[in-house]
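Inside the fold
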Amino acid sequence: MLDIYPQQVVRAGIQEVWRKRPVSLEVCGTVSEWKRDHFDVNYILDQALRWHVTSVNLKSSPIPEEWKSQFGSFQKKMGYRFLLRRLEYPRRSLAVP
């Protein structure tokens, strides 16, 4: 995953696809298995953000209690962000009888 996935992204020419399309990822194994196998959850989540992830399929598996804060922070950083640049509304609203 450290070498092959990034190479495949470049080979397919999809480095900038995130600018116009959602990026959905599915985990290998489960998050509980990551914990059991001593994977670096911060590295994994940072890489997902680096790839501009929109959604992640965790296979309906539980998140270990010790990692919930990292996943909470991750959720706030991933996906689409809407920024209100302009708001228009009538000066008067219509009265509803």
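Note that the structure is predicted; figures quoted are calculated from it, not measured. Residue positions are counted from 1 within each chain, in the order its sequence is given. Totals for whole chains, interfaces and linings use all residues, but because this is a predicted model, local features are given only for residues with pLDDT of at least 70 and pairs of side-chain atoms are given and counted only at 80 or more. To obtain the side-chain values, all non-hydrogen atoms of the structure were used and water was disregarded.

Overview of the overall build of the protein chain
Spelled out, the test is: Numbering goes from the N terminus for both helices and strands, where a helix is a DSSP run of H or I of at least four residues and a strand is a run of E of at least two. Using C-alpha atoms as the atom set, the radius of gyration is obtained and then compared with a globule rule of 2.2 Å times the number of residues to the power 0.38. Accessible area is worked out with a 1.4 Å probe on protein chains only. A residue is then buried under 20% of its type maximum, exposed over 50%, and partly exposed in between. Note on contacts: a residue pair is in contact if any heavy atoms of the two residues lie within 4.5 Å.
Along the backbone of the protein chain there are four helices and two strands. Traced from its N-terminal end to its C-terminal end, the protein chain shows the element sequence α-β-α-α-β-α. Scaling as 2.2 N^0.38, a compact globule of 97 residues should have a C-alpha radius of gyration of about 13 Å, whereas the protein chain reaches 19 Å, well beyond that. Principal-axis analysis of the C-alpha atoms places the extent of the protein chain at approximately 65 × 35 × 20 Å. Counting over 97 residues, the protein chain shows a buried share of 18%. Pairs at least 24 residues apart make up 81% of the contacts formed inside the protein chain by residues separated by at least 6 positions.

Quick word on the nonpolar core
Using the following cut-off: For this analysis, a nonpolar core means a set of buried residues of the types Ala, Val, Leu, Ile, Met, Phe, Trp, Tyr and Cys, connected via side-chain atoms within 4.5 Å.
Counting twelve residues, the largest nonpolar core is built from V27, V31, W34, V41, L45, A48, V53, L58, W67, F71, F74 and M78. For this core, the secondary structure elements donating two or more residues are α2 (31-36), α3 (41-50) and α4 (68-77). Per-element accounting of this core gives the leading share, three residues, to α3. Discounting residues that sit within four places of it in the chain, F74 has contacts with L45, A48, L49, V53 and V56.

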